[in-house]
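These are the residues of each chain, in order.
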Amino acid sequence: MSESDVDVLVIGSGAAGLTAALAVREAGIERVLVAESEGVIGGSSRLSGDLGVEYYEQLVFGGDETKPRVHCSIVRGQAVVDVLARHCRDRGVDFALGRRIDRLVTESGAVNGVAVGDDVITAGAVVIATGGFGNSPEKLAEYFPSAADTGWSWYVGADGSRGDALDLTRDVHPQLAGRDRGLRLIHSDLDHIYEAYLPGWLVLVNREGRRFCNETAPYGNMDGLMKMQGDVAFAIFDHPTLEEATRLGTARYKQTIPGSSKKQSPHWNHDVIELMIKEGKVHRAQSVADLATLIGVPAEHLVATVERSNAGAEAGEDADYLKDASFLERIDSAPFYAVEVRTATVAFTACGLRTDRQARVLGRDGRVIPGLFAAGEVAAAHAR
Ligand SMILES: Cc1cc2nc3c(=O)[nH]c(=O)nc-3n(C[C@H](O)[C@H](O)[C@H](O)COP(=O)(O)OP(=O)(O)OC[C@H]3O[C@@H](n4cnc5c(N)ncnc54)[C@H](O)[C@@H]3O)c2cc1C
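Every value quoted in this text rests on a predicted model; they were computed, and no experiment measured them.

Participant: Hey, could you run me through the packing of aromatic side chains in this one?
Facilitator: Given two aromatic rings, their pairing is described by the distance between the two centres and the angle made by the two planes. As enumerated under the stated definition, the model contains five aromatic pairs in all. Look at tyrosine 197 and tyrosine 219: their rings are 5.3 Å apart centre to centre, the planes differ by 45°, and that puts the pair in the tilted class. Placement of the pair is tyrosine 197 in the loop between strand 11 (182-187) and strand 12 (203-205) and tyrosine 219 in helix 6 (residues 219-227), with a sequence separation of 22 residues. Across this residue pair, the class does not change: tyrosine 197 and tyrosine 219 are buried. Taking 6.1 Å as the distance between ring centres and 90° as the angle between the ring planes, the aromatic pair formed by phenylalanine 237 and tryptophan 268 counts as edge-to-face.

Participant: Just checking my understanding: could you explain the environment of leucine 248 for this structure?
Facilitator: With respect to the secondary-structure elements, leucine 248 resides in helix 7 (residues 239-248). Separated by 16 residues in sequence, leucine 248 and glutamine 264 place their C-alpha atoms 8.2 Å apart.

Participant: Looking at this model, I keep getting lost on unusual backbone geometry. Mind explaining?
Facilitator: Glycine aside, the phi torsion of most residues is negative, and most peptide linkages are trans. Across the junction of alanine 334 and proline 335, the peptide omega takes the value 0°, indicating a cis bond. Looking at the secondary structure, you find proline 335 in the loop between helix 10 (299-315) and strand 15 (336-349). The phi torsion at aspartate 189 lies on the positive side, around 60°, for a residue other than glycine. Structurally, aspartate 189 can be placed in the loop between strand 11 and strand 12. By relative accessible area, aspartate 189 is classed as buried at 19%. With phi around 60°, leucine 322 is a residue other than glycine that occupies positive phi space. Within the secondary structure layout, leucine 322 lies in the loop between helix 10 and strand 15.

Participant: Can you walk me through the site of the ligand in this structure?
Facilitator: Lining the immediate environment of the ligand, one finds 31 residues, of which Ala16, Glu36, Ser45, Asp164 and Glu377 sit closest. One of the backbone N or O atoms of glycine 42 is found 3.4 Å from an oxygen atom in the ligand. In the environment of the ligand, a nitrogen atom lies 3.0 Å from a nitrogen or oxygen atom belonging to the backbone of isoleucine 101. For the ligand, whose unbound accessible area comes to 1000 Å², protein coverage reaches 88%. Elements supplying a minimum of two residues to the shell around the ligand: helix 1 (15-26) and strand 15. Taken together, the residues of the shell around the ligand sort by class into eleven nonpolar, 13 polar and seven charged.

Reading the values: rules and limits
Residues numbered from 1 in each chain as written. Predicted model: local features only at pLDDT ≥ 70, side-chain atom pairs only at ≥ 80, totals over all residues. Heavy atoms only, no water. Phe/Tyr/Trp six-rings, centres within 6.5 Å; stacked < 30°, edge-to-face > 60°. Helix = DSSP H or I, 4+ residues; strand = E, 2+ residues; numbered from the N terminus. Buried < 20%, exposed > 50% of the residue type's maximum accessible area, 1.4 Å probe, protein only. Near = heavy atom within 4 Å. Polar contact = N/O pair within 3.5 Å; in protein donor to acceptor, adjacent residues only side chain to side chain. Areas by Shrake-Rupley, 256 points an atom, 1.4 Å probe, with all protein chains shown as cover. Nonpolar A, V, L, I, M, F, W, Y, C, P; charged D, E, K, R; others polar.

Here's what the structure looks like:
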């Protein structure tokens, strides 16, 4: 190791890269360099350390859990990144910002450095922690087609999530795992503003005009439920419910994220809906049957669905999907609205490098690729 420029070179300064750098230092390895393509540290990271980050007491739903069990850090992921970066610096980890690594350096099949153009840095080991590829439409099409195929796909994470790892490692022939996996959130195409959940008062129907879920289901479940409907659905509601939601000024989500209460939904409020009617993204009609015709679903199905939903609201019970009674609203006063939604917001991607339990990247021949490790979103799965 001593002949190399550094002992360990980490590519990427998200939570995974910072944690890897810290772990390496704490293991007594001295010369650690983190190379980061962007001008700032942090990437998409929302992951936690336990090194002084403060958390809210309240637990929230993170993915498809039946009980809330996610801790939200105060000031969110930036707090996690700040703490990790400070601990790295305190322990002498070096950072090179604005350095987008463009190739791995190898010798006899082992990875022993990285390069940016002609600038080569040799390393005893290289840790790839470059995040996902949500910011690359080409890679989404190749590795996560279910996201690309929605036609509206857009990514909410960091600019640096371009899937560089997939290019960097091509010549060392890694195993890839997790193809066509990741997380897609429901998107209404009203604006590119991140909204993980739908307000609970919306009623979702598929192309058949039928409900198919509890509209407040965890987003991890909603992705799969939408997939079964061909990734298209319509949110249905009426005028009084929209006006009441707007008047309240807070989005009625199933869960409130600590620190972000008293926040209007960025999409599902009077002003945005009116604007989007002009753009043709929201349909409005004087009857449910006419609304069905506008969106191309069978009118008799949608009318029956709305009648059944209204009966549930009246009874205070969603007998079909058990949505919490506090969200049940009648859809009975014109005008009626429909908004097409698709699972188009890409939150993270899960196709990446296959590793073993020591985070060593596995080659297609099943053997460890010497000198190469992977961590975080880039590491799809480990072999069991
Ligand atoms: C809005 C949002 C909500 C999320 N919610 C959840 C959640 O609830 N649960 C969950 O598990 N996950 C969630 N995620 C995903 C999670 O945040 C990411 O998976 C995680 O932060 C990835 O961490 P990472 O360190 O692997 O990558 P990142 O934090 O993305 O860091 C990768 C870094 O590598 C850098 N980089 C890339 N290419 C190069 C290169 N060639 N050279 C040098 N540097 C490079 C990037 O610029 C970036 O800084 C969410 C993501 C977003 C955006």
